[in-house]
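Each chain, written out:
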Amino acid sequence: MKRNRKVKILATLGPASSEEDMIQKLHEAGADLFRINMSHASHEMMRTLIQRIRSVEERCGRPIGILADLQGPKLRVGKFAETKVTLEPGQTFTLDNREEPGDSTRVFLPHPEILEAVKPGHRLLIDDGKLLLRAEKADGKKIVCTVVSGNKISDRKGISLPDTLLPVGVLTDKDRADLDAALATNEIDWVALSFVQRPEDLAEVRKIARGRVGLMSKIEKPQAIERIEEIIELSDALMVARGDLGVEMPLEAVPGLQKQLTRACRRAGKPVVVATQMLESMITSPVPTRAEVSDVATAVFEGADAIMLSAESASGDYPVEAISTMASVASTVERDPYYSNIIYAQRPTPEATGADAISLAARQIAETLRLSAIVTYTSSGTTGLRASRERPQVPIIALSPIVQTARRLSVCWGLHCVVAKDAEDLDDMVNRACRIVVSEGFGKAGDRIIISAGVPLGTPGATNMLRIAYIGSDGQSGI
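Let me begin by describing the structure that accompanies this report.

**Focus: the nonpolar core**
- If you look at the biggest cluster of nonpolar residues, it comprises 74 residues, and the most contacted ones within it are Phe34, Leu238 and Ile307.
- The element contributing the most residues to this core is helix α12 (residues 319-335), with seven residues.
- Contact partners of Leu238, with chain neighbours within four places excluded, come to Met216, Ser217, Ile219, Ile228, Ile231, Ile232, Leu261, Cys265, Pro271, Val272 and Val273.
- Counting residues in hydrophobic clusters, the runner-up holds 27 residues, among them Leu115, Val118, Leu131 and Ile143.

Here you go:
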């Protein structure tokens, strides 16, 4: 199934899209990989969704990636005697360790790590920022606050702490159980980590995963921005989680951060996903707002690897239409005359390695000679990532003998992934590449392609060769 766009679409599965026929419709409409939100999916449901995705994959003949999104710590206040209370700006309100129901002066905070970490002057945001408190006193047992803005608080509302570095890891007991269940299936390609604050947060997950899945850090905390280069280095990919990021940071700062994170990932050669509220109105409407279309277009212009739908595809009334709309917007942007100029201007400087030099040369040769495709043989996926990082104007076909590698690369910009056996020798390598280019619809007899691979063949991480080939008149061999 050939896509006429390079940016990928990540669709969240949920009540509106959990049946196999709907998953197939979403894939046909443009979804390249699927997200299972472990905040709402049981282990049994996760396994059922995996089985249905793999059935669709087998019928469609195209590798489909699966992302398990771990819930992460959920920080909430306790309950109130009357369910909710009304506050006044300027009044004092206390969060403490007393478990009795709250009132208009105090409420239980069942998180001792917050009580110990918050300092005077720190901000506390309740209910996605609808209530803003400022800490005046904190002694480890209670936090005495002033109400800055907002006037309502009710049972179990979430709390965010933009100024506080919490001494907690990214994995809760639920997350560890979910991660173990996901790894046990051997079918999950990516795990998304919530609440990443520092590079050390990734250490425990890496130890558990042992390379069996790619780790995608969700950037939703201001503390993560301060150490973003280190986090990117230890992550396999990044997700710009704009919803939570927009709660803990000024809303007007989020667009700039989105650009900063996208470009940082491109420099590092790591995939980046832009997520949250991209087509939010399509949860209940068959058409998006003009502002939402512009938002999707901006992410595509920036060169993001993938754009994500959340509730739009998981629980909305128009999941297929949302995918189709996103695919249409992305395809149109990529045909815009300004698109290639913007992408070219943002190209990062290659690293001083042979593999990076080969990928750069492949892109330059393909564009100079107007070749039909770049074909890259990749076992570990590293060569495919480097080819994607170059953002070439010609299609990239990533051939891998390992299905897990092909599935993991499905999130990467511009990669058309094909599972194929390793070539036996150089002639077989050329012939196999030419056949696949023709069969996948990227070229015809007489066209030229460029092939990157490693010699000796089948050696992971040894990309050191380029070969220009003509597709033979039979469309089955190369010259």
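**Focus on the sheet that holds strand β19 (residues 415-419)**
- Strands sit in the order β19-β18-β17-β20-β21 across an open sheet of five strands; the sheet is mixed. Strands at the two margins of the open sheet, each flanked by one partner only, are β19 and β21 (463-470). When strand polarity is set aside, the average angle formed by the axes of neighbouring strands in this sheet is 20°.
- Strand direction decides the pairing type here: strand β17 (residues 373-377) and strand β20 (residues 448-454), joined by four bridges, are parallel. Bridge assignment links Ala373 to a residue of β20, and that residue is Ile449.
- Along the sheet, helix α14 (residues 354-368) contacts β17, β20 and β21; its crossing angle with β21, the most-contacted strand, is approximately 20°.
- Across the face of the sheet, helix α15 (residues 382-389) comes into contact with β17, β18 (396-400), β19, β20 and β21 while running at roughly 155° to β17.

**As for the side chain of Arg3**
- Within the secondary structure, Arg3 is located in the segment before β1 (8-13).
- Judged by relative accessible area, which is 13%, Arg3 ranks as buried.
- At 3.0 Å, the side chain of Arg3 and the backbone oxygen of Ala31 are in polar contact.
- Aside from chain neighbours lying at most four places away, what touches Arg3 is His27, Glu28, Gly30, Ala31, Asp32 and Arg62.

**Points about the environment of Arg407**
- Looking at where Arg407 falls in the secondary structure, it is placed in helix α16 (residues 403-408).
- Considering only alpha carbons, one finds Arg407 and Glu233, 174 residues apart in sequence, at a separation of 22 Å.
- If near-sequence neighbours (up to four positions away) are discounted, Arg407 is found in contact with Arg54, Glu57, Pro63, Ile64, Gly65, Glu187 and Asp189.
- Within the local environment of Arg407, its side chain forms a polar contact with the side chain of Glu187, the two groups lying 3.2 Å apart.

**Observations concerning the layout of surface pockets**
- The computed volume of the second largest pocket comes to approximately 440 Å³.
- Listing elements by their share of the lining of the second largest pocket, those giving two or more residues are α9 (254-268), α15 and α16.
- The element best represented in the lining of the second largest pocket is α15, accounting for four residues.
- In the lining of the second largest pocket, the residues fall into seven nonpolar, six polar and nine charged.

**A few points about the sheet that holds strand β6 (residues 106-108)**
- Across the sheet, six strands lie side by side as β6-β5-β9-β8-β7-β11; this open sheet has mixed pairing. The strands lining the two open edges of the sheet, one partner per strand, are β6 and β11 (159-160).
- Two strands pair when backbone bridges link them, and strand β7 (residues 123-126) and β11 are joined in this way by two bridges, in the antiparallel orientation. Directly across from Leu125, in β11, lies its bridge partner Ser160.

**Focus: the pairing of β18**
- A large share of β18 lies buried, amounting to five of its five residues.
- Residues Ile396, Ala398 and Ser400 of β18 are buried on one face, and the alternating residues Ile397 and Leu399, pointing to the opposite face, are buried as well.
- Crossover β17 to β18 through α15 is right-handed.
- For β18 and β19, the ladder comprises five bridges, and the chain directions are parallel. Of the residues in β19, the one forming a bridge with Ile397 is His416.

Cut-off values and rules
Residues numbered from 1 in each chain as written. Predicted model: local features only at pLDDT ≥ 70, side-chain atom pairs only at ≥ 80, totals over all residues. Heavy atoms only, no water. Core = buried A, V, L, I, M, F, W, Y, C linked by side-chain atoms within 4.5 Å. Buried < 20%, exposed > 50% of the residue type's maximum accessible area, 1.4 Å probe, protein only. Helix = DSSP H or I, 4+ residues; strand = E, 2+ residues; numbered from the N terminus. Contact = heavy atoms within 4.5 Å. Pairing = 2+ DSSP bridges. Axes fitted to C-alpha atoms, helices over the stretch in contact; angles between N-to-C directions. Polar contact = N/O pair within 3.5 Å; in protein donor to acceptor, adjacent residues only side chain to side chain. 1 Å grid on protein atoms, 1.4 Å probe; cavity = no way out; pocket = protein on both sides within 12 Å on 5 of 7 lines; lining within 4 Å. Points joined across faces, edges and corners; volume = space filled by probe spheres on them. Nonpolar A, V, L, I, M, F, W, Y, C, P; charged D, E, K, R; others polar. Right-handed = clockwise from strand over helix to strand, strands pointing away.

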